[in-house]
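Residues per chain, in single letters:
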Amino acid sequence: MNIRTLILDNQGRLLIGTDGEGLKEYNPATSRIEDSRTYAAPFDFSKAKIHSLLEDKDQNLWLGVFQKGLIMIPGTTNNFVYYGYKSVRHNTIGSSCVMAIFKDKSGVTWVGTDNDGLYAINDRGERLLHFRNEPGDPHSVPATITTIYEDSNNDLWIGSYFNGLAKVDKRNGWCQPFTRFSSVNNHANERISYITEDNHKNLWVGTYGLGVYRIDLLSGKVSHQESTRDENDDWQIDRLPNDWISCILTDRSGLIWIGTYNGLACYDTRKKRLSTLRTVTISCPDIRFIH
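Residues numbered from 1 in each chain as written. Predicted model: local features only at pLDDT ≥ 70, side-chain atom pairs only at ≥ 80, totals over all residues. Heavy atoms only, no water.

Asks: How should I be thinking about the environment of K170 in this particular structure?
Replies: Among the secondary structure elements, K170 is positioned in the loop between β14 (164–168) and β15 (175–177). Assessed through its relative accessible area of 24%, K170 is described here as partly exposed. Remark: the alpha-carbon pair of K170 and L129, spanning 41 residues in sequence, is separated by 9.0 Å. In this view, K170 contacts D104, W110, L129, F131, E150, N154 and L156; residues no more than four positions away in its chain are not counted. Looking at K170, its side chain comes within polar contact range of the side chain of E150, at 2.4 Å. (Helix = DSSP H or I, 4+ residues; strand = E, 2+ residues; numbered from the N terminus. Buried < 20%, exposed > 50% of the residue type's maximum accessible area, 1.4 Å probe, protein only. Contact = heavy atoms within 4.5 Å. Polar contact = N/O pair within 3.5 Å; in protein donor to acceptor, adjacent residues only side chain to side chain.)

Asks: Is there a simple way to explain the sheet that holds strand β11 (residues 127–131) in this structure?
Replies: What holds strands together in a sheet is hydrogen bonding between their backbones, with the strands either parallel or antiparallel. The strand order β8-β9-β10-β11 describes an open sheet built from four strands, whose pairing is antiparallel. Each edge of the open sheet carries a strand with a single partner, namely β8 (98–103) and β11. Each adjacent strand pair in this sheet contributes to an overall mean axis angle of 15 degrees, direction not counted. As paired elements, strand β9 (residues 109–113) and strand β10 (residues 118–121) share four bridges and run antiparallel to each other. Bridging across to β10, W110 finds its partner in A120. (Pairing = 2+ DSSP bridges. Axes fitted to C-alpha atoms, helices over the stretch in contact; angles between N-to-C directions.)

Asks: It is not clear to me how the pairing of strand β23 (residues 273–277) should be interpreted in this structure. Could you clarify?
Replies: Along any regular strand the residues' side chains alternate between the sheet's two faces. Where strand β22 (residues 263–268) and β23 come together, five bridges link them in antiparallel fashion. Across the sheet, residue A265 finds its bridge partner in β23, namely T276.

Asks: Whenever I open this one, the pattern of salt bridges confuses me. Can you help?
Replies: Where charged atoms from two side chains of opposite charge come close, those side chains can pair. Counted by the stated rule, this structure contains twelve salt bridges. When the shortest N-O distance is used, the salt bridge between D58 and K57 registers 3.6 Å. For K57, a relative accessible area of 76% gives the class exposed. The partner of E150 in a salt bridge is K170, with the nearest N and O atoms 2.4 Å apart. Of this pair, E150 sits in strand β12 (residues 145–150) while K170 sits in the loop between β14 and β15, and the two are 20 residues apart along the sequence. (Salt bridge = Lys/Arg side-chain N within 4 Å of Asp/Glu carboxyl O.)

Asks: Would you mind going over unusual backbone geometry with me for this structure?
Replies: Where the residue is not glycine, phi is negative for most of them; where a peptide bond is considered, it is trans in most cases. One non-glycine residue, N154, lies in the positive phi region at around 70 degrees. In this structure, K272 takes a positive phi of about 55 degrees despite not being glycine.

Asks: So what exactly am I meant to see when it comes to the packing of aromatic side chains here?
Replies: The geometry of an aromatic ring pair is captured by the separation of the ring centres together with the interplanar angle, meaning the angle of the planes. With the rule as written, the count across this model stands at ten aromatic pairs. Ring plane angle 55 degrees and centroid distance 5.4 Å describe the contact between W204 and Y267, whose orientation is recorded as tilted. One end of the pair, W204, is in strand β17 (residues 202–207); the other, Y267, is in strand β22, and 63 residues separate them in sequence. You can call Y267 buried: its relative accessible area is 12%. When the centroid spacing of 5.7 Å and the interplanar angle of 45 degrees are considered together, the rings of W244 and Y261 count as tilted. On the criterion of sequence distance, the pair formed by W244 in the loop between β19 (222–225) and β20 (245–250) and Y261 in the loop between β21 (255–260) and β22 is long-range, its members being 17 residues apart. Through a chain of ring-to-ring contacts, the aromatic side chains of Y161, F162, Y208, W244 and Y261 assemble into a single cluster. (Phe/Tyr/Trp six-rings, centres within 6.5 Å; stacked < 30°, edge-to-face > 60°.)

These results come straight from atomic positions and should not be treated as a statement about function.
Structure below.
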């Protein structure tokens with residue numbers, strides 16, 4: 001080991017900069033030199049040539065790396081940890097774009113990606129499962145997953161832009177496509193944007209371009225709400241303002257709030273009434289009221 005520099009930090013750690021083997025640390029409990037737990041994503045310390053070390057008054061650690069420049073490791077611990085392809089230690093979810101994240105009741109975080117299927121990771125960021133799309137297998141997970149939700153029956157649902165809605169077996173990734181949408185219209189594979197559940201065991205499913213579906217989890221009955229007017233018409237009561245749904249939220253009183261590409265709608269589960277909402281600008285600048 002070619003040792004280029006040494007420093008004793010504020011915590012009493014003996015840090016060792018090496019020429020080609022990265023940053024090391026002496027462990028007095030074992031009397032061994034070990035890889036340092038200090039790291040800075042996305043830089044890989046394993047083969048770095050660290051020629052200088054400095055700790056400032058705020059306990060920030062500065063490393064001069066041969067032909068790579070200067071790296072500063074903050075002295076204050078940041079509880080946020082990056083997971084992904086730029087991380088040296090936490091690349092547990094591949095390199096694809098993350099489209100959806102959901103934490104289920106057992107504490108498992110499910111990550112839906114663009115073209116790389118579904119991942120499951122634990123609270124330590126360790127990969128538990130990875131389900132990929134298998135071409136030609138209708139029961140494999142979609143390659144691109146846009147939304148994830150676990151209902152009150154502990155069933156995991158996923159939505160896809162190309163393959164509609166499906167229920168997923170958490171153990172093996174086996175998908176059961178939901179095909180009952182065709183009972184209310186002629187569309188078989190909706191482009192799903194959002195999934196949530198209300199207080200009456202109804203699953204609400206938003207789509208890109210086809211409005212909102214409501215699925216009764218007890219009976220399996222499906223109902224559908226879709227805008228049937230020109231986008232340039234005046235606002236109308238009891239119609240969605242737009243069929244492209246971005247998000248759906250159930251509040252504490254049971255109201256269902258539906259965010260669309262062209263405004264907001266609210267469904268009152270007690271009155272069974274859907275109303276659109278609009279913003280009205282009054283004379284006072286920078287003040288807007290929602291009616």
